[in-house]
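# Reading the structure
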Amino acid sequence: MKHFTSPVVGLAALTLLGCTGNVLGGGGDEVGGYVGPGSGAPGSAGTGSGSSAGAGAGSGASGALPAPSLRLLTRTQYRATLASLFPFAGELELELEDDAIFNGLRAIGASNVALSPKATEAYQAAALEAASRAFADVATGTAFAGCNVAEPACASGFIADFGRRAFRRSLAADEQARFLSIYQAGVQKLGDGAVGLKYAVRAILGSPHFLYRAELGVPGAAGTPRRLSDVQVASKLAYFLSNGPPDAELLKLAESGGLQAAGALAAQAARLLGASSLQHGMESLFDDYLDLASVSSLEKVPSAFPAFTPTLALAMRQETLLGLSRAASSQVDFRSVFNSNKTFVNQELAQLYGISGVSGSAFVEVELPAASGRRGLLGQASLLSVNAHAAVSSPTLRGKFVRQVLLCQGIPAPPPNVDTTLPDASEAATARERFTVHRTDPNCSGCHQLMDPIGLGLENFDAIGQYRATENGQTIDASGELDGSAFQSPAQLADALSRHPGLPTCLSRTVFRYAWGRLESPADEAFVGALTAAFAGDQYRLTGLLSGAVNAPEFVNVGEVD
Amino acid sequence: MNRRSSVPGRGFARRNFLRGVAFGVPVVVGLPLLEYFLNSNGTAFADGEALPRRFGVFFWGNGRGVDASRWNPAAVGNAWQPSPQLAPLAPYQSYLNVVSGMRVQLSNSPQGHHKGSVGMLSGADFITQEAGNAPYRSTFAGPSIDQTIAKAVGAQTPFGSLEIGISKRVIKGEGTTIQFISHNGPDSGNQPEYEPALLFDRIFKDVAAGGGNEPDPTLLASARELEQSVLDSIVGDIGSLKQRVGARDRVRLDQHLTNIREIERRLGDGAAPSVQCSTPTRPDMLANNPAGEQFVERMAGMSDVLALALACDVTRVFSIQFSGSAADPVFHPIDIGNGNHALSHEGEAAQDELDRSTTWTMQQLGVLLGKLQSAVEGDSNLLKQSAILVTSDTSDGAAHSVNDHPILIAGSGGGYFKNPGVHHEQEGGNSTEVLLSLVRALGIDAAEFGGGDGRVTQSCTAIEA
């Protein structure tokens, strides 16, 4: 581990070095080993064949692609899809359930989670809210439908158009007939066309064809892999890059067969990468990647951190989103976000960072004070706060975040029946002193050596990311080492991280997981490796990585349905 | 919280419901079990059916603390007195059975927090899942005990079960095992409701609003038919989609279908007689508490709504996740300034805070028990009719131990459990024995419970009446 040669070797070494051996005992193989989601008998996970992040890279594709999964719309995708159907959707008060987060991503949770009764009720209630408003009475319904809802031809045309946009594909004849019959029953029994369409629309919005993305593929031509249909490609592309349904142009192109023309998919990707909707796509990607939304549900001890207000929490997330989105759209080397000396702040956040001259709630770009050592993503209050406790900072959580989220390296949980207690502040003033046992006790050191030295480099920032030079009267020593790069300050840690070869590899893995809605299987490794190489060859522009993911045959390939 | 109301004097069978209009159609909600439904002794319904039993779970995270004697009563058998941590429950002592010494015996489920959670809530090993970058990930292999029971008794009530959360600070990155306590099956956790007013709305809003004016029965019948056609359409779409998906998605869609069927079950019969239940009162939305999470306010509000829901026989199964496994709620009402999980690893100096946390958690449970005890039902009360599994994910969170696990049954299960309750000590016993007792208490004729090393064929007879 002294000299970090490649991510694969580094991770293999990590596994061998005993972050499993002396620590985990029998349960040690759960770090890696590709196991199909949800599969496996109790306790059988992990084949010992290496971590999913390491296995197979460079050795060509191995095995078949995993079976495709239904992808439940995430909360933000549901809202965006509803908004594409109802102009007033943003005003509806919806009580949707939280997204499930699997493997660190909502995108993966959505491919795996089964709906609860309460979640299903929430969708029914949302459908009722939207439909009741659109078809409140005949006049309102007629205005919404754009034709006289008393006329069956109007209803039929409306159902075909609305259903197509809701399902992201044209309705099948039996679906069209069924929704129309609901409309007719409404007219017959309750006497007006608006009521009829209200019920028909509720049937559409409650349908699994609306709630899930059924990107399940169709059999390929003889000898070719199963692949997504054109409308499924359009859906995958649109939700990937805009976090919403395909727009009119994309859906029309897909349904006309035009998406199969050479360069057509790439052209659509390029169009969406330049569209204003990219903002939604990027926010969703970064929110998922870094779990930024959790900043607002954090709890910090009020007496110790009076500055931590709900508005500050929102500003923290906004800072990170603005910086990352700007880096993506301005086509800079994306690694620069990890050691940039500039960021976006509003007044409240500027005060937290000790920056003067910023007023109001609008965000402006500022240069970070050099003395604090605050640099890049790891210096942002959002991530510093999320990866900390309510009362104190946590070098372990921060180091774990770098390993897991930024470098895609698994860290096992603490083993059972090991005393995990640390000395308190009365015995040791600084976190570095308190955490000594993590480095000296062999039960702990195997794993904590991988985390604590990184997190200790961020000890100049407290549990909400405020700079501090001392802790309990002792000067903070922020020196450490990241996989062979020694650092003396958070600024130097930021530089070391931005140069780390595992960083772009992990970014391309994360983009793959986000877009595909699953972890990479061994059969995907060659592709993920190629994505990473292309990312490097393209000066690490994020938009290049995103279009590279789309402009590959792998984007449309899926495994067989089991 | 027992609700009394005047009801027209004849013709009501066992299943009388508060009726209202939801989604423009009639819905039904059970009425409180009024005296005149019961036989002259108040021990059963007039038709001889016994008073219903209810099942609940009250779960908190990170165990009781290092010192077992703070939780376990000193004396065993009938002569026990509440330990320091159980002292807040002293008013309900006759309704409590304490089981100590047992352990979660799932040798194939590593990881303390996950093991204790799945063991105490299902008695069977979890499924280890591909963790990605996370330290660990697992999910339940089958339903949690509340859903096992809901499957058996839930169809008799409008809601199969209700899930309630008190602390929102739960661990979301390690799979469903430690995120949710209630599971339908793998990767199918039931998210709890955190807002008493929203739980109330889910159950009562439409019936509360619908009281008074009797809608036109013909219109109601038509609305009901249309509602049914919407649900039929959704069911049809689930069925056609199911034919195109893989094995795992078929399970997911089956759950979706089950959920639609439960909604369908609540559609009332438009021709049913209308009765006037005393209109339940909606609690206010919880105010933001600048000091932190609204534990006390939420527990009080939820206890009110839940007691009402049980009294009205809206459901017979509930679960309360007071705090999450391995989670970091900050118990500010008792002047604790750090997260509970963090404290559990802070050593000797934090033991007093952990001890106070557990004691206070039991005090919060006492709020619910008090509501249930004061809700009279025939010659019984809701606490007597309930069996509530009170437990945690670990015994000693510092060591992630699942030995000498904290297990308490609150409520007498309608006479199934000893009253006055006992303290039963069974060193090294299999904790699933208690789960088998609980499912049997709810009338399920089970020969065994649990799986793997957790499986038992013997229940915990020492606490059974």
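Residues numbered from 1 in each chain as written. Chains lettered and ligands numbered in written order. Predicted model: local features only at pLDDT ≥ 70, side-chain atom pairs only at ≥ 80, totals over all residues. Heavy atoms only, no water.

### Some thoughts on the overall build of chain A
When helices and strands are counted, chain A shows 25 helices and 8 strands. Taken over 562 residues, chain A has a buried fraction of 58%. The contacts of chain A with a sequence gap of at least 6 include a subset with a gap of at least 24, amounting to 67%. Total accessible area computed for chain A in this model is approximately 20,200 Å², and 55% of it derives from carbon and sulfur atoms. (Helix = DSSP H or I, 4+ residues; strand = E, 2+ residues; numbered from the N terminus. Buried < 20%, exposed > 50% of the residue type's maximum accessible area, 1.4 Å probe, protein only. Contact = heavy atoms within 4.5 Å. Areas by Shrake-Rupley, 256 points an atom, 1.4 Å probe, with all protein chains shown as cover.)

### A closer look at the packing of helix α24 (residues 525-537) of chain A against helix α25 (residues 542-550) of chain A
All names here are of chain A. At a minimum axis distance of 9 Å, the contact between α24 and α25 shows a crossing angle of 145°. For α24 against α25, the interelement crossing comes out right-handed. Only Leu542, Leu545, Gly548 and Ala549 of α25 make contact with α24, whose side of the interface consists of Phe527, Leu531 and Phe535. A breakdown of the residues in the contact of α24 with α25 according to their chemical character gives 6 nonpolar, 1 polar and no charged. (Axes fitted to C-alpha atoms, helices over the stretch in contact; angles between N-to-C directions. Left-handed = near helix turned anticlockwise from the far one by under 90°. Nonpolar A, V, L, I, M, F, W, Y, C, P; charged D, E, K, R; others polar.)

### A closer look at the state of the cysteines
Residue and element names in this part refer to chain A. Inspection of every chain in the model, using the stated rule, returns 2 disulfides over all chains. In this model, Cys147 is linked to Cys154 through a disulfide, with the two sulfur atoms separated by 1.9 Å. Handedness of the Cys147-Cys154 disulfide follows from its S-S torsion of about 75°: it is right-handed. The disulfide that involves Cys408 links it to Cys506, with 2.1 Å between the sulfurs. Every disulfide takes its handedness from the sign of the S-S torsion; for Cys408 and Cys506 that torsion is 80°, giving right-handed. One end of the pair, Cys408, is in the loop between α18 (395-406) and α19 (431-434); the other, Cys506, is in helix α23 (residues 502-516), with 98 residues separating them in the sequence. On the accessibility criterion, Cys408 (4% relative accessible area) is buried. When its relative accessible area of 1% is taken as the criterion, Cys506 is described as buried. (Disulfide = S-S within 2.5 Å.)

### Description of the interface of chain B and chain A
With 81 residues of chain B at the contact, the number on the chain A side is 93 residues. Summing the contributions of chain B and of chain A, the shared interface buries around 7,300 Å²; its carbon and sulfur component is 52%. Seen at the junction of chain B and chain A, the total is 5 salt bridges. Close ionic contact of Glu225 of chain B with Lys189 of chain A constitutes a salt bridge, the shortest N to O distance being 2.7 Å. Secondary structure elements with two or more residues in the side of chain B that touches chain A: β5 (126-128), β9 (188-189), α3 (196-210), α4 (217-242), α5 (247-265) and α7 (340-344) of chain B. Broken down by element, the residue count for the side of chain B that touches chain A peaks at 15 residues, all from α4 of chain B. Of the residues contributing to the side of chain B that touches chain A, the split by class is 31 nonpolar, 30 polar and 20 charged. (Buried area = accessible area lost by both parts, 1.4 Å probe. Salt bridge = Lys/Arg side-chain N within 4 Å of Asp/Glu carboxyl O.)

### Description of the nonpolar core
Among the nonpolar cores identified, the biggest contains 71 residues, and Tyr78, Phe86 and Leu205 of chain A are the most heavily contacted of them. Looking at this core, the elements with two or more residues in it are α3 (75-85), α5 (117-134), α7 (152-167), α8 (173-190), α9 (193-205) and α10 (208-211) of chain A together with α4 and α5 of chain B. Looking at this core, the element that brings in the most residues is α9 of chain A, giving 9 residues. Those residues within four positions of Tyr78 of chain A in sequence are excluded, and the remaining contacts are Leu73, Leu94, Leu96, Tyr123, Ala126, Ala127, Phe210 and Leu211 of chain A. Residues Leu228, Ala238, Leu383 and Phe512 of chain A belong to the second largest nonpolar core, which totals 69 residues. (Core = buried A, V, L, I, M, F, W, Y, C linked by side-chain atoms within 4.5 Å.)

### Things to note about helix α6 (residues 138-145) of chain A
Spacing of three or four residues puts side chains on the same side of an α-helix, whose turn is 3.6 residues. The distance from a side-chain oxygen at the start of α6 of chain A to the backbone nitrogen of Ala139 of chain A is 3.2 Å, and the residue carrying that oxygen is Asp137 of chain A. Directly after α6 of chain A, the chain includes Gly146 of chain A, whose backbone phi takes a positive value near 80°. (Polar contact = N/O pair within 3.5 Å; in protein donor to acceptor, adjacent residues only side chain to side chain.)

### Some remarks on the packing of aromatic side chains
Residues and elements named next belong to chain A. For the structure on display, the rule yields 28 aromatic pairs over all chains. Residues Phe535 and Tyr540 carry aromatic rings whose centres are separated by 5.1 Å and whose planes lie at 85° to one another, so their mutual orientation is edge-to-face. Considered together, Phe535 and Tyr540 belong to a single accessibility category, that of buried residues. Here Arg178 stacks its cationic end above the ring of Phe179, 5.3 Å away from the centre of that ring. When the ring centre of Tyr199 is taken as origin, the NZ or CZ atom of Lys198, which lies over that ring, is 6.0 Å away. (Phe/Tyr/Trp six-rings, centres within 6.5 Å; stacked < 30°, edge-to-face > 60°. Lys NZ or Arg CZ within 6 Å of the ring centre and 35° of its normal.)

### What about the side chain of Thr81 of chain A?
Residue and element names in this part refer to chain A. In this structure, Thr81 sits in helix α3. A distance of 2.9 Å separates a polar atom in the side chain of Thr81 from a polar atom in the side chain of Tyr239. Dropping the residues within four chain positions of it, Thr81 is found in contact with Leu73, Arg168, Phe210, Tyr239 and Pro245.

### Considering the sheet that holds strand β4 (residues 96-100) of chain B
All names here are of chain B. The strand order across the open sheet formed by 7 strands is β7-β10-β3-β13-β14-β4-β15, and the pairing between neighbours is mixed. Looking at which strands have only one partner, the edges of the open sheet turn out to be β7 (162-165) and β15 (423-425). Direction aside, the axes of adjacent strands within the sheet are offset by 15° on average. Pairing of β4 with β15 involves 3 bridges; the strand directions are parallel. If you follow Val99 over to β15, its bridge partner there is His424. Here helix α1 (residues 112-122) sits on the sheet and contacts β3 (54-60), β13 (386-392) and β14 (407-410); the angle it forms with β13, its principal contact strand, is near 165°. (Pairing = 2+ DSSP bridges.)

### A look at the confidence of the model for chain B
Residues and elements named next belong to chain B. Residues at a pLDDT of 70 or more form 83% of chain B, whose mean pLDDT is 85. Note that residues 208-212 has pLDDT below 50 and, in this model, 5 contacts with residues that lie over four places away or in other chains. The model gives residues 270-277 a pLDDT under 50, and that stretch makes 22 contacts with residues more than four places away or in other chains. This prediction of the complex comes with two scores: 0.85 for pTM and 0.87 for ipTM. (pLDDT = per-residue confidence, 0-100.)

### What about the pattern of salt bridges?
Going through the model one piece at a time under the given rule, you end up with 41 salt bridges over all chains. Ionic pairing is found between Arg518 of chain A and Asp524 of chain A, a salt bridge with its closest N-O pair at 2.6 Å. Looking at Arg518 of chain A, the relative accessible area reads 15%, which means it is buried. The salt bridge involving Asp313 of chain B is made with Arg316 of chain B; its shortest N-O contact spans 2.9 Å. Relative accessible area serves as the criterion here: at 1%, Asp313 of chain B is assigned to the buried category.

### Thoughts on the pairing of β3 of chain B
Residues and elements named next belong to chain B. Counting buried positions along β3 yields 7 of 7 residues, so the element is predominantly enclosed. Where β3 and strand β10 (residues 317-321) come together, 5 bridges link them in parallel fashion. The partner of Phe55 across the bridge, within β10, is Val317.

### A few points about unusual backbone geometry
Omega for the bond connecting Asn419 of chain B with Pro420 of chain B falls within 30 degrees of zero, at 5°, which places this linkage in the cis form. Note on placement: Pro420 of chain B falls in the loop between β14 and β15. The backbone phi angle of Asn103 of chain A is positive, close to 50°, even though this residue is not glycine. With respect to the helices and strands, the residue Asn103 of chain A is situated in the loop between α3 and α4 (106-109). Judged by relative accessible area, Asn103 of chain A falls into the buried class, the value being 7%. With phi around 45°, Asp483 of chain A is a residue other than glycine that occupies positive phi space. Positionally, Asp483 of chain A belongs in the loop between β7 (480-482) and β8 (485-487). For Asp483 of chain A, a relative accessible area of 8% corresponds to the buried category.

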